[in-house]
Amino acid sequence: MSRILWSFFANQHAIITAPLLFIGGLIAIIGKYFWWPVGIHTILISFLIFVFEYPKSGKPVSSRSMTHTNHSRPYQHLVGNLLSKLGLFYANYLPRSIFYFLLSIPCLLSLSTILPGINLLITAALYLIVTFLFIKF
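Heads up: these notes are all about the structure in this document. What you are looking at is a predicted structure, and each value in this text was computed from that prediction instead of being measured. (Residues numbered from 1 in each chain as written. Predicted model: local features only at pLDDT ≥ 70, side-chain atom pairs only at ≥ 80, totals over all residues. Heavy atoms only, no water.)

Relative to the helices and strands, Ile 98 is located in helix 5 (residues 93-107). C-alpha separation for the pair Ile 98 and Ala 124, spaced 26 residues apart in sequence, amounts to 6.9 Å. (Helix = DSSP H or I, 4+ residues; strand = E, 2+ residues; numbered from the N terminus.)

Listed below in structure tokens is the structure:
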């Protein structure tokens, strides 16, 4: 049975959450919900999350399968060089988990951003799992 790559799974979940945040924010602003300023917050953090998570690509080569190649995403080196200067915040998963948890709290206030907010909470939980399993990616 193969091992689950939690860091890869958390990264992909965060990438998928970013467009959901953007769409939920647009609906909140266009629909003029009671908490419509949360829509502005979700649009801004959707771009932040996408830029922050995009350079984390690839899967480590397993010792069993040496035929797997590690493909990077297009243009990830441009953003990756800038983000690598963040140091511990970018390399360690615990600050990222806490950051995503704090960003998800306002998303739970508006009806159109509840689902993306829950997805962001799941992403934070996945990164917390990665932190406790001491997985490096």
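Right, picking up where we left off after that structure.
Bringing the pattern of salt bridges into the picture now. Under the counting rule described, the total for this entry stands at one salt bridge. We note a salt bridge from Arg 96 to Glu 53, for which the minimum N-O separation is 3.3 Å. Taken together, the positions of Arg 96 in helix 5 and Glu 53 in helix 2 (residues 37-53) put the pair 43 residues apart, joining distant regions of the chain. Looking at Glu 53, the relative accessible area reads 0%, which means it is buried. (Salt bridge = Lys/Arg side-chain N within 4 Å of Asp/Glu carboxyl O. Buried < 20%, exposed > 50% of the residue type's maximum accessible area, 1.4 Å probe, protein only.)

What follows deals with the side chain of Ser 112. Tracing the backbone shows Ser 112 in the loop between helix 5 and helix 6 (114-133). Among the polar contacts made by the side chain of Ser 112, one reaches the main-chain carbonyl oxygen of Gly 24 at a distance of 3.0 Å. A distance of 3.3 Å separates a polar atom in the side chain of Ser 112 from the backbone nitrogen of Ala 28. With near-sequence residues (within four places) excluded, Ser 112 lies in contact with Gly 24, Ile 27, Ala 28 and Tyr 33. (Polar contact = N/O pair within 3.5 Å; in protein donor to acceptor, adjacent residues only side chain to side chain. Contact = heavy atoms within 4.5 Å.)

Going through the model one piece at a time under the given rule, you end up with six aromatic pairs. When the centroid spacing of 5.3 Å and the interplanar angle of 20° are considered together, the rings of Tyr 93 and Tyr 127 count as stacked. With Tyr 93 in helix 5 and Tyr 127 in helix 6, this residue pair connects regions lying 34 residues apart in the sequence. Look at Tyr 93 and you get buried, because its relative accessible area is 5%. Among the residues examined, Tyr 127 registers a relative accessible area of 0% and is labelled buried. The interplanar angle of 40° and the centroid separation of 6.1 Å between the aromatic rings of Phe 99 and Tyr 100 together place this pair among those described as tilted. (Phe/Tyr/Trp six-rings, centres within 6.5 Å; stacked < 30°, edge-to-face > 60°.)

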